[in-house]
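Examination of the molecular architecture
Spelled out from the first residue to the last, the chains are:
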Amino acid sequence: MIVKLAGPDETVLQAVSAALEAMGGQVRLLALPYGTFLAALGLEHPALKPIQAMAGVAWARPAGSKPILAARELNPGGSRVQLGAVSVGGETLALVAGPCSVEDREQITSTARFVAAFGATALRGGAYKPRTSPYAFQGLGLAGLELLREAADASGLPVVTEVMEPGDVAAMAPLVDCFQIGARNMANGPLLKAVGQAGKTVLLKRGPSATLAEFVLAAEYILLEGNAQVILCERGIRTFETATRNTLDLNAVPVLKSMTHLPVMVDPSHGTGRRDAVAAMARAAVAAGADGILVEVHPDPARALSDGDQSLHFPEFRRLAEQLKPVAEAVGRRLELPESLPFAPHQVPLIRRAMGWGGSR
Ligand code: PEP
Ligand code: MN
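Residues numbered from 1 in each chain as written. Chains lettered and ligands numbered in written order. Predicted model: local features only at pLDDT ≥ 70, side-chain atom pairs only at ≥ 80, totals over all residues. Heavy atoms only, no water.

Some words on helix α6 (residues 189-198)
Of the positions making up α6, those classed as buried are Gly189, Leu191, Leu192, Ala194, Val195 and Gly196. Buried residues along α6 sit against α5 (169-172), β10 (178-181), β11 (201-205) and α7 (212-223). Once α6 finishes, Gly199 follows within two positions and takes phi at roughly 75 degrees, a positive value. (Buried < 20%, exposed > 50% of the residue type's maximum accessible area, 1.4 Å probe, protein only. Helix = DSSP H or I, 4+ residues; strand = E, 2+ residues; numbered from the N terminus. Contact = heavy atoms within 4.5 Å.)

Take a look at the structure:
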């Protein structure tokens, strides 16, 4: 069962914990931004009434097949989750951008500088890659993560990167601002628990065949470890359609918002798999009320080691950011676009090439 205390009163906390333990429950204290809770795993219905009747208990709910901690009613105004300077779920739109995979220093550094200069609020890049084929590029691992951190620091951005194994969490944590749980791992309980315990912001992607109810329950795993910093990300589901890599389910935005208080981002890159469809679906997602957008950007998509077909060229990213701004404003959100470039174009050869700025500048 989950017990909500009326307040963070130490005496009440001790008394209720003792009562739950005496009944045989394994008690865990969860201090979340929207209340103090005690989770008593393994303790159900018969124990509910006496606990409910205790002084200082707001309610006691049986654990079942529905989310409790992630449910919208727990925080009807919506939760805010910190990702660098942006409070995701607030007025400012989050714009997470970067390559699918970290490939080398120049690739990630030039991308970081470029996306930071044109409105990104976080840098993404995979160091540990969940590839469909075991023969495809698997990522640079820790060396890639170090390059990602260095590039992000040089551009003043927080790092979003995927973790695939619980055993990697501790080594990655010092270099990461936000752990991404990839679509293929959405329902990986041990991994969800491990990032819950790490206490860092988590970007949880929807599994390609997960229902929204299953998606919110996956987030519940993380909250149940006492980590409230969870952002959901719709990234397309598997349907009969073959013209796109996935079908971006924008229904998910308003419907998730009715189900849960957690912020909802949208990834139109994996959602479509096609560069020519990314900007349109990003604009649609913002119009639908998404709290942020995640897009793949590469200095030379034709040569990308993963997901080149869906990665934006630098000028396309700049155009997208400019297009998102008025859409965001039309639905009461904000996107800050820096006014001046924080670098001289000649400093970064790849940016020069990707922008078509020519050899002499
Ligand atoms: C990614 O972000 O590069 C990725 C692998 O995403 P997903 O888990 O949504 O496929
Ligand atoms: Mn990718």
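We are not done yet, so read on.
Regarding the domain arrangement of the protein
Think of interface size as the accessible area that goes away when the parts come together; that is how it is often given. When its domains are assigned, the protein resolves into domain 1 (2-64) and domain 2 (81-354). The interface is formed by 8 residues belonging to domain 1 together with 7 residues belonging to domain 2. Both sides of the domain 1 and domain 2 interface together cover about 590 Å² of buried area, and 65% of this is carbon and sulfur. Here Glu225 makes a salt bridge to Arg28, at a shortest N to O gap of 3.4 Å. On inspection of domain 1 and its partner domain 2, the count reaches 2 residue pairs in polar contact (both at pLDDT 80 or more). Contributions of two or more residues to the side of domain 1 that touches domain 2 are made by β2 (26-32) and β3 (35-41). Broken down by element, the side of domain 1 that touches domain 2 gets its largest block of residues, 3 residues, from β2. In the side of domain 1 that touches domain 2, the residues fall into 7 nonpolar, no polar and 1 charged. (Domains from an automatic or database assignment. Buried area = accessible area lost by both parts, 1.4 Å probe. Salt bridge = Lys/Arg side-chain N within 4 Å of Asp/Glu carboxyl O. Polar contact = N/O pair within 3.5 Å; in protein donor to acceptor, adjacent residues only side chain to side chain. Nonpolar A, V, L, I, M, F, W, Y, C, P; charged D, E, K, R; others polar.)

Re the pairing of β11
Here β11 lies mainly inside the structure; 5 of its 5 residues are buried. Burial along β11 is two-sided: the face carrying Thr201, Leu203 and Lys205 and the face carrying Val202 and Leu204 are both buried. In the sheet, β10 pairs with β11 via 4 bridges, with the strands oriented parallel. Bridge pairing in β11 places Phe179 opposite Val202. (Pairing = 2+ DSSP bridges.)

Here we look at the pattern of salt bridges
If you walk through the whole model with that rule in mind, you get 17 salt bridges. For the salt bridge of Asp307 with Arg245, the shortest nitrogen-to-oxygen distance reads 3.1 Å. A residue pair is termed long-range when its members are at least 10 positions apart, and Asp307 in the loop between β14 (292-296) and α11 (314-330) and Arg245 in the loop between β12 (230-234) and α8 (252-259) qualify at 62 residues. Under the relative-accessibility criterion, Arg245 is labelled partly exposed at 37%. Between Arg274 and Asp276 there is a salt bridge, with its nearest N and O atoms 2.8 Å apart. For Asp276, a relative accessible area of 60% translates into the label exposed. When salt bridges that share partners are traced, they join Glu91, Arg334 and Glu336 into one network.

Description of the coordination of the manganese ion (ligand 2)
All of the protein donors around the manganese ion (ligand 2) are Cys100 (SG), His270 (NE2), Glu296 (OE) and Asp307 (OD); their distances to the metal are 2.1 to 2.4 Å. In the primary structure, the donors to the manganese ion (ligand 2) are separated according to the pattern C-x169-H-x25-E-x10-D. With Glu296 in strand β14 and Asp307 in the loop between β14 and α11, this pair connects stretches of sequence that are 11 residues apart. A single burial state applies to Glu296 and to Asp307, both of which are buried. (Donors = N, O, S within 2.8 Å, 3.2 Å for Na, K, Ca; no water.)

What to know about the sheet that holds strand β4 (residues 57-61)
As a general point, the strands of a sheet are linked pairwise by backbone hydrogen bonds and lie either parallel or antiparallel. Taken in spatial order, the 4 strands line up as β2-β3-β1-β4 in an open sheet, and their pairing is antiparallel. The outermost strands of the open sheet, each flanked by one partner alone, are β2 and β4. Neighbour to neighbour, the strand axes of the sheet diverge by 20 degrees on average, direction disregarded. One ladder, built from 7 bridges, connects β2 with β3; its direction is antiparallel. Residue pairing in the sheet places Leu29 in a bridge with Leu38 of β3. The strands that helix α1 (residues 10-22) touches are β1 (2-5), β2, β3 and β4; relative to β3, the one it contacts most, it runs at about 15 degrees. (Axes fitted to C-alpha atoms, helices over the stretch in contact; angles between N-to-C directions.)

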